[in-house]
Amino acid sequence: MLKLAHPLRLVGRVFPIVRWSRNYDLRTGIGDLIAGITIALTLIPQSIAYASLAGFEPQYGLYASFAGGFVYAIMGTCPQINIGPTALLSLLTFTYTSGTNPDFAVLLCFIGGIVTLAAGIAQLGFLVDFVSLPVVSGFTSAAAITIASSQIKNLLGLKFDAEGFTATWGGVFRHITDTRMQDTLLGLACCVVLMGMKTMKDIRLKEPQDDKGRRSARVIQRTLWFLGVSRNAIVVVIASVLAFLIYENKDNPLRLTGPITPGLPTPRIPAFHTSIGNTTITAGEMLAHLGSGLIVVPAVGIISNIAIVKAFSKGKTLDATQEIVTLGVCNVISAFFRSYPVNGSFTRSAVSDASGVKTPAAGFYTGFIVLLTLALLTPYFFFIPKAALSAVIICAVLHMVDLAIIKKLWATSRLDLIPLVGTFVCGLALGVEVGLICGVAIDILLLLYYHSRPPLDVHFIDDGTLMPHYAVRPIGGVHFAGAERLRARMAALKNSKKLQKPATDAIYITTGDTETNIAMSNGNINLPVVRSTKILVIHCDALSRLDYTFIQSMKMLVGEWSNDGCVIWCDVKPNIQEQLKTVIVNPVFCNYDQLRTLLSNNSTSEVHQINNSLNDTQL
């Protein structure tokens with residue numbers, strides 16, 4: 001009888017706030033408040049910059065910054081996660097919505113949220129496991145370089161339209177003579193200050209001996225840390241003040257963000273039709289334009305979010321399904337507030353962790369600060385220099401370039417460099433979303449290659465106590481891709497003492513009391529076998545399932561050996577026996593003890609006598 005979950009337990013699983021709120025106290029609340037404020041100081045300037053990266057006005061970055069935090073505080077499981085705009089999803093949003101209007105991005109957020117939610121409900125989180133770490137690393141590195149490259153034109157004060165890595169750098173070289181020196185100097189100065197302030201949070205002061213000195217050192221340490229994590233807000237504010245002081249209506253020396261629509265967004269259903277100029281775009285045309293983005297964007301969001309939660313779970317059990325469902329709801333709800341696609345940010349999550357966050361409630365405090373910013377401060381965003389926002393984006397994404405993995409893969413698994421390099425190169429040349437697809441395709445091809453070349457452990461037994469025979473043990477899975485290759489290699493043992501084996505295989509030849517391990521190289525190796533054998537023993541103790549193609553190949557193998565030899569199946573599980581019996585006439589089964597008895601050299605049994613004996617005594 002199916003046992004239904006207790007309603008309260010089910011509610012607690014879907015809404016974890018029900019569990020942790022029972023023990024929520026003032027100390028925990030203060031920790032979350034400090035973390036929430038600190039995250040907001042990082043989030044607000046980032047969201048304004050990421051909106052520009054996505055191709056929209058700055059207020060859309062703020063629209064994407066509060067609803068997700070509220071939803072995650074109710075449904076999320078990881079206290080460190082902050083849901084909002086990220087550089088990666090902003091770039092993908094620009095890829096699929098450039099040349100349109102914000103309605104397309106809002107619809108992408110809504111439909112992408114539904115796709116993510118459906119994936120979570122259908123328990124499809126396991127699909128993330130099919131995207132290997134080298135592919136993820138190559139994808140994020142390509143995205144980081146593409147994002148940083150897209151900001152070079154604003155850093156230099158240039159004006160031109162370009163998409164992608166190659167097009168952007170081509171435009172930079174064509175318009176390099178139009179560089180605005182004042183914007184360039186400001187942008188480079190902001191980069192230097194941001195990189196310098198980033199190191200402040202990692203400074204460790206020597207602890208004094210006296211109590212007063214220790215207190216002072218702690219205050220200085222916390223001040224340095226706070227300045228380091230709030231560097232984005234500090235740099236943007238200073239640059240904005242500088243721009244305000246030198247602002248001139250007719251001849252503005254710096255390129256500014258410009259006027260921003262003030263106030264909070266009015267909640268409404270995402271538009272399923274819109275207008276661009278005098279042309280009305282229907283829902284079908286909007287969805288057709290978004291195309292593969294409806295799958296790629298949520299897939300990237302899921303992969304990124306799960307990776308971040310894993311990084312901050314600190315050994316705790318990860319409820320991937322709940323995280324995927326929560327991310328889907330965050331996007332669906334955010335779309336009602338004019339948001340483009342959102343997910344967790346590793347940078348902001350790291351800031352939250354370092355701030356001493358206790359529960360997901362920190363998202364409430366961050367969301368409230370963003371709402372206050374929208375209601376009161378948007379008029380002042382006019383003076384934010386674009387060069388300063390570009391510096392914020394560039395410094396935020398540079399850490400995403402993973403160079404250390406190359407050394408690790410070279411030392412551990414050089415073959416994994418293929419999907420890493422393939423994803424990275426395709427991501428830069430063809431676009432990050434195409435690079436991800438190419439990386440997954442390379443992984444699939446490698447997986448098929450491995451399955452089509454399953455290793456085969458072969459022993460030739462001639463030790464004087466047992467009749468000479470080949471003992472074969474398939475290693476790993478046996479599937480249709482490698483069925484014919486395995487059959488051909490086992491069939492070759494019957495009439496030939498020359499075995500073609502790959503370099504990774506080894507042949508064990510036992511003669512008397514001496515056992516020799518011969519590592520095979522590509523090509524033919526003459527084995528020191530004195531006499532041939534007509535008995536093939538297949539050890540199946542490690543096999544739990546055979547597919548139909550492999551069974552058919554084994555039927556052909558048995559037929560090839562049956563004329564003047566026999567095939568013995570040793571230690572076969574009952575379900576494998578049933579599978580073999582469906583295609584092989586009178587298969588010979590035995591266990592290991594029976595095998596040693598029947599192949600003992602004390603007996604003068606011929607092959608057909610062994611065959612008959614085994615048929616009489618098989619399990």
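**Details of the packing of aromatic side chains**
Considering all chains together, one arrives at 14 aromatic pairs under this definition. Pairing Trp-20 with Tyr-24 gives two aromatic rings, centres 5.7 Å apart and planes at 55°, and the pair type is tilted. On the basis of an interplanar angle of 85° and a centroid distance of 6.0 Å, the ring pair of Tyr-247 and Phe-382 is categorised as edge-to-face. Placement of the pair is Tyr-247 in the loop between helix 13 (231–245) and strand 2 (274–276) and Phe-382 in the loop between helix 18 (362–376) and helix 19 (386–397), with a sequence separation of 135 residues. The exposure class assigned to Phe-382 is partly exposed, which follows from its relative accessible area of 23%. Within the aromatic cluster, the residues linked to one another by ring pairs are Phe-56, Tyr-60, Tyr-63 and Tyr-340. Residue placement shows Arg-414 over the ring face of Trp-410; its charged tip is 4.1 Å from the ring centre.

**Description of the pairing of strand 11 (residues 535–539)**
For strand 11, a buried count of 5 out of 5 residues is recorded, marking the element as mostly surrounded by other parts of the structure. Judged by which residues are buried, strand 11 turns out to be covered on both faces: Ile-535, Val-537 and His-539 on one side and Leu-536 and Ile-538 on the other are all buried. When strand 6 (residues 469–474) meets strand 11, the two strands line up parallel, connected through 3 bridges. Each residue of the ladder has a partner; that of Tyr-470, found in strand 11, is Leu-536. Sheet topology note: the strand 11/strand 12 (residues 566–570) ladder contains 5 bridges and is parallel. In the strand pairing of strand 12, Ile-535 is matched with Cys-566.

**Let's talk about the packing of helix 3 (residues 26–54) against helix 13**
Relative to each other, helix 3 and helix 13 sit at 55°, their axes nearing to 7 Å. Comparing their axes, helix 13 and helix 3 come out oblique. As for the relative orientation of helix 3 and helix 13, their crossing is left-handed in sense. Contacts from Leu-41, Thr-42, Pro-45 and Gln-46 in helix 3 reach Asn-232, Ala-233 and Val-236 in helix 13. The residue makeup of the contact of helix 3 with helix 13, split by class, is 4 nonpolar, 3 polar and no charged.

**Some words on the packing of helix 3 against helix 19**
Direction vectors running N to C along helix 3 and helix 19 enclose 95°, while the axes themselves pass 9 Å from each other. When the interaxial angle is binned, helix 3 and helix 19 end up roughly perpendicular. Counted together, Pro-45, Gln-46, Ile-48, Ala-49, Tyr-50 and Leu-53 of helix 3 and Leu-389, Val-392, Ile-393 and Ala-396 of helix 19 form the full contact between these two elements. In the contact of helix 3 with helix 19, the residues fall into 9 nonpolar, 1 polar and no charged.

**What to know about the pattern of salt bridges**
By the definition in use, this model includes 2 salt bridges. For Arg-338, the salt bridge is made with Asp-103, and the minimal N-O distance between the two is 2.9 Å. Here Arg-338 is found in the loop between helix 16 (320–335) and strand 4 (343–344), whereas its partner Asp-103 is found in helix 7 (residues 102–121), with 235 residues between them in sequence. Residue Arg-338 shares its accessibility class with Asp-103, and that shared class is buried. With its nearest N and O atoms 2.5 Å apart, the salt bridge here joins Arg-180 to Asp-183. Residue Arg-180 is classed as partly exposed on the basis of its relative accessible area of 25%. A residue is classified by how much of its surface remains accessible, and Asp-183, at 0% relative accessible area, is buried.

**Details of the environment of Leu-92**
Position of Leu-92 among the secondary structure elements: in helix 6 (residues 87–97). Taking C-alpha positions, Leu-92 is 9.3 Å from Gly-431, a pair spaced 339 residues apart along the chain.

**Side note on a nonpolar patch on the surface**
Taken together, the side chains of Leu-124, Phe-126, Leu-127, Phe-130, Leu-415, Ile-418, Leu-447, Tyr-449 and Tyr-450 present a nonpolar region at the surface, about 850 Å² in accessible area. At 3 residues, the largest contribution of residues to the nonpolar patch is made by helix 22 (residues 432–452).

**Re the side chain of His-539**
By secondary structure assignment, the location of His-539 is in strand 11. Assessed through its relative accessible area of 8%, His-539 is described here as buried. Non-local contacts of His-539, meaning those with residues more than four positions away in its chain, are made with Ala-471, Val-472, Arg-473, Pro-474, Cys-570, Tyr-592 and Leu-595.

**Some details on unusual backbone geometry**
Excluding glycine, a negative phi dihedral is what most residues carry, and trans is how most peptide bonds are arranged. Phi angles above zero are rare outside glycine, and Arg-338 is one such case at about 65°. Positive phi outside glycine occurs at Asp-571, with the angle close to 55°. Mapping Asp-571 onto the fold places it in the loop between strand 12 and helix 25 (574–581).

**Describing the confidence of the model for the chain**
Per-chain confidence: the chain averages 80 in pLDDT, with 86% of residues scoring 70 or above. Counting interchain partners and residues more than four positions distant, the pLDDT-below-50 stretch residues 602–608 has 8 contacts.

**What about helix 18?**
Its 15 residues give helix 18 an end-to-end C-alpha distance of 21 Å, which sits within 8% of 21 Å, the value for a rise of 1.5 Å per residue. Every buried residue of helix 18 is listed here: Ala-362, Gly-363, Thr-366, Gly-367, Val-370, Thr-373 and Leu-374. Down the axis of helix 18, the buried side of the element spans an arc of 130°, and every buried residue falls inside it. In this structure, helix 18 carries Leu-372 and Leu-376 as exposed residues pointing more than 90 degrees from its buried face.

**Thoughts on the pairing of strand 5 (residues 456–462)**
Sheet faces and side chains relate simply in a regular strand, where the side chains alternate between the two faces. Most of strand 5 is tucked away, with 6 of its 7 residues classed as buried. Here strand 5 runs beside strand 6; their pairing, made up of 6 bridges, is antiparallel. Bridge assignment links Val-458 to a residue of strand 6, and that residue is Val-472. If you look at the hairpin formed by strand 5 and strand 6, you'll find 6 residues sitting between the two strands, and Gly-464 has a positive phi there, around 90°.

What counts and what doesn't
Residues numbered from 1 in each chain as written. Predicted model: local features only at pLDDT ≥ 70, side-chain atom pairs only at ≥ 80, totals over all residues. Heavy atoms only, no water. Phe/Tyr/Trp six-rings, centres within 6.5 Å; stacked < 30°, edge-to-face > 60°. Helix = DSSP H or I, 4+ residues; strand = E, 2+ residues; numbered from the N terminus. Buried < 20%, exposed > 50% of the residue type's maximum accessible area, 1.4 Å probe, protein only. Lys NZ or Arg CZ within 6 Å of the ring centre and 35° of its normal. Pairing = 2+ DSSP bridges. Axes fitted to C-alpha atoms, helices over the stretch in contact; angles between N-to-C directions. Parallel < 35°, antiparallel > 145°, perpendicular 65-115°, else oblique. Left-handed = near helix turned anticlockwise from the far one by under 90°. Contact = heavy atoms within 4.5 Å. Nonpolar A, V, L, I, M, F, W, Y, C, P; charged D, E, K, R; others polar. Salt bridge = Lys/Arg side-chain N within 4 Å of Asp/Glu carboxyl O. Patch = residues over 30% accessible without salt bridge, like charges linked within 9 Å, V, L, I, M, F, W, Y side chains within 5 Å. Areas by Shrake-Rupley, 256 points an atom, 1.4 Å probe, with all protein chains shown as cover. pLDDT = per-residue confidence, 0-100. Expected span 1.5 Å × (residues − 1). Arc of directions from axis to C-beta.

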